[in-house]
Amino acid sequence: MLAAAVAGAQELRFFQLGTGPTGETRFPIGGLIANALSNPPGSRECERGGSCGVPGLVAVGKSTNGSDANVEALRGRKLDAALVHADIAFWAYHGIGPYKGKAVPNLRGVAMVYPETLHLVARADAGIRSVSDLRGKRLSLGERDSALYHHGKLILGAWGVPEKRVKLSALKPVAAAQALAEDKLDAFLVLDGAPLTLVADLARTVPVVLVPLDGAAAERIRAQNPFLIEAEIAAGLYAGQIAAVPTLAVGVALLAPAEEDKDLMFGVTRALWHPSTQKLLAQGNPRGRLVRLDAQVLTRMGIPLHPGAVAFYEEAGIAH
């Protein structure tokens, strides 16, 4: 009777979580997170096998057009939280890069959820074994003014390859993979959670190599861009790939508006990192096992944390 009375007294609250396009990893991951955060009135208690989400909360994962759309929705408080690539979050908060002159100062971090890996893919017969070998080659860095294009420019600059020394195309990853398969392109850059279906399908039809992004140049751009994370593409992940390839990754961050209630965001952060949520994510999506609390990665978000998230991490004894 007491439990029923408490449940009945809970205030029902709806929570919109922006994810990404339906074909992206963020869409299913965001849906799983929304499910884990939900704990409607009358739900069975967490300790008895019920929901371990935020009491009274009904969270919904909403498909969006991606990080830029999510940032604008958070700016206008049209979403309660959203999954945003950490590079976009960093640029938007600080008003630099593609967000120069249009900063979004109310962005606040909640968590770094999982990494997406930069793949520099080249035809095996193009003689490209390092970024420096891109001189004179046909290269696509994604659409101009996209986050991927900005990453490509950072990489070229760090390795001392002038843009004018490459034959640059501005193709979406799918079109770039097709062009490479048809020998109309020598290399292209793509970002997503590994393994990438696009790269896997390509590697089964055309011999390709993954170009490493490591050494002093990689350390330099990591130092200058806190959202970049040291990463590795595991050996044997793609056809013809024998050894692991060092690279860089960009975290997918969970963000909320600064105006969002502190207690609510404390509960959201706690529910996200609850063991039951980790199990749900690992079982619900192949990349869900990449979702784990890493204090070192958390520090590389590059924007302030929401006070509710700070309260959780301090209570849990986690550095941030």
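The structure presented is a predicted model; accordingly, all values stated were derived computationally and were not measured.

Draft legend 1. Structural detail: the pattern of salt bridges. Across all of its chains, the model carries eight salt bridges by this definition. For Arg13, the salt bridge goes to Glu260, with nearest N and O atoms at 3.0 Å. One end of the pair, Arg13, is in strand β1 (residues 13–18); the other, Glu260, is in the loop between β10 (245–257) and α9 (262–272), and 247 residues separate them in sequence. One salt bridge in this structure joins Asp183 and Arg123, with 3.5 Å as the shortest N-O distance. Of this pair, Asp183 sits in the loop between α6 (173–181) and β7 (187–192) while Arg123 is found in strand β4 (residues 107–123), placing the two residues 60 residues apart along the sequence. The class for Asp183 is partly exposed, based on a relative accessible area of 40%. Three or more residues joined by partner-sharing salt bridges are found here, namely Arg123, Asp125, Arg138, Asp183 and Asp186.

Draft legend 2. View of the state of the cysteines. Per the counting criterion, the structure on display carries one disulfide. The disulfide partner of Cys46 is Cys52, and the S-S distance across this bridge is 1.9 Å. Disulfide Cys46-Cys52: torsion about the S-S bond near 80 degrees, hence right-handed. In this structure Cys46 comes out as partly exposed when scored by relative accessible area, which is 23%. Note on Cys52: relative accessible area 12%, which makes it buried.

Draft legend 3. Representation of the packing of helix α2 (residues 26–37) against helix α10 (residues 275–284) in the model. Running from N to C, α2 and α10 cross one another at 150 degrees; their axes reach a closest spacing of 10 Å. Of the possible angle classes, the one that applies to α2 and α10 is roughly antiparallel. The way α2 lies across α10 gives a crossing that is right-handed. Counted together, Ile29, Leu32, Ile33, Asn35 and Ala36 of α2 and Thr277, Leu280, Leu281 and Gly284 of α10 form the full contact between these two elements.

Draft legend 4. Up close: the domain arrangement of the protein. Assigned domains within the protein: domain 1 (13–116 + 251–316) and domain 2 (118–250). Put simply, the middle of domain 1 and the middle of domain 2, counted by C-alpha atoms, are 28 Å apart. Ranking the residues of domain 1 by area buried against domain 2 places Glu116, Arg287 and Arg300 at the top, with a combined share of 43%. Connecting domain 1 to domain 2 are three residue pairs in polar contact (both at pLDDT 80 or more). Looking at the side of domain 1 that touches domain 2, the elements that each hand over two or more residues are α4 (86–94), β4 and β10. Among the elements that line the side of domain 1 that touches domain 2, the one with the most residues is α4, at five residues. Tallied by class, residues from the side of domain 1 that touches domain 2 come to 10 nonpolar, five polar and four charged.

Draft legend 5. Highlighting the pairing of strand β2 (residues 57–62). Across six bridges, β1 lies against β2 in parallel orientation. By the bridge assignment for β2, Gln16 is matched with Val60. For the segment spanning β1, α2 and β2, crossover handedness is right-handed.

Draft legend 6. Structural view of the confidence of the model for the protein. When pLDDT is averaged along the protein, the result is 89; 95% of the residues meet or exceed 70. Confidence scores differ between elements of the protein, with helix α1 (residues 2–9) showing the lowest mean pLDDT of 40 and strand β5 (residues 138–140) the highest of 97. Here residues 1–9 scores under 50 on pLDDT; set against residues more than four positions off or in separate chains, the count is three contacts.

Draft legend 7. Molecular detail of empty space enclosed by the protein. With the rule as written, the count across this model stands at one cavity of 30 Å³ or more. Forming the walls of the largest cavity are Leu120, Leu134, Leu139, Leu141, Gly152, Ile155, Leu156 and Leu189. Element by element, the count of residues in the lining of the largest cavity is highest for helix α5 (residues 147–158), at three residues. Counted by class, the lining of the largest cavity contains seven nonpolar, one polar and no charged residues.

Draft legend 8. Inspection of the layout of surface pockets at higher detail. The volume enclosed by the largest pocket comes to roughly 930 Å³. Residue lining of the largest pocket: 33 residues in total, with Glu24, His85, Leu148, Pro173 and Leu191 positioned closest to the centre. Among the secondary structure elements, those contributing two or more residues to the lining of the largest pocket are α3 (67–75), α4, α5, α6, β7 and α7 (197–205). Residues belonging to the lining of the largest pocket are distributed by class as follows: 14 nonpolar, eight polar and 11 charged.

Draft legend 9. Structural detail: helix α8 (residues 215–224). Along α8, the positions that sit buried rather than exposed are Ala217, Ala218 and Ile221. In a view along the axis of α8, the buried residues occupy a sector of 95 degrees, so they form one face of it. Turned more than 90 degrees away from the buried face of α8 sit Ala216, Glu219 and Ala223, all of them exposed. Buried-residue contacts for α8 involve α5, β9 (228–233) and β10.

Conventions used here
Every chain begins its residue count from 1, and numbering advances along the sequence as written. Local features in this predicted model are restricted to residues of pLDDT 70 or higher, and side-chain atom pairs are both shown and tallied only at a pLDDT of 80 or more, whereas totals for entire chains, interfaces and linings draw on every residue. Working from all heavy atoms in the structure, the side-chain values ignore hydrogens and water. Salt bridges are counted wherever a side-chain nitrogen of Lys or Arg sits within 4 Å of a carboxyl oxygen of Asp or Glu. Secondary structure elements follow DSSP: runs of H or I of four or more residues count as helices, runs of E of two or more count as strands, with numbering from the N terminus. Buried residues are those whose accessible area, probed at 1.4 Å on protein chains only, stays under 20% of the maximum for their type, while exposed residues exceed 50% and partly exposed ones sit between those limits. A pair of cysteine sulfur atoms is labelled a disulfide when the two atoms are within 2.5 Å. Angles shown run from 0 to 180 degrees and are taken between the N-to-C directions of axes, each axis being a line fitted to C-alpha atoms and, for helices, limited to the stretch in contact. The scheme is simple: roughly parallel for angles under 35 degrees, roughly antiparallel for over 145, roughly perpendicular for 65 to 115, oblique for anything else. In this scheme the crossing of two helices becomes right-handed for a clockwise turn of the near helix relative to the far one and left-handed for an anticlockwise turn of less than a right angle. Contacts between residues were defined by any pair of non-hydrogen atoms, one from each residue, lying within 4.5 Å. Segment limits for the domains were obtained from an automatic or database-derived domain assignment. Buried area is a sum: the accessible area each of two parts loses on coming together, probed at 1.4 Å, counted once for each and added. Pairs of N or O atoms are called polar contacts if they sit within 3.5 Å, as long as, within protein, a hydrogen donor faces a hydrogen acceptor (for residues adjacent in sequence, only side-chain-to-side-chain pairs). When residues are sorted by character, Ala, Val, Leu, Ile, Met, Phe, Trp, Tyr, Cys and Pro go into the nonpolar class, Asp, Glu, Lys and Arg into the charged class, and all the rest, Gly among them, into the polar class. When DSSP finds at least two bridges between two strands, those strands are taken to pair. Call a crossover right-handed when, viewed with both strands pointing away from you, the route from the first strand across the helix to the second goes clockwise. One number per residue, pLDDT, summarises how confident the predictor is, and it ranges from 0 to 100. The distinction between a cavity and a pocket rests on a 1 Å grid over the protein atoms alone: a 1.4 Å probe fits inside a cavity but cannot get out, while a pocket stays open yet meets protein on both sides within 12 Å along at least five of seven lines, and a residue with an atom within 4 Å of a point counts as lining. Grid points are joined across faces, edges and corners, and a volume is the space filled by probe spheres set on the points. The directions from the helix axis to the C-beta atoms are what the arc is built from.

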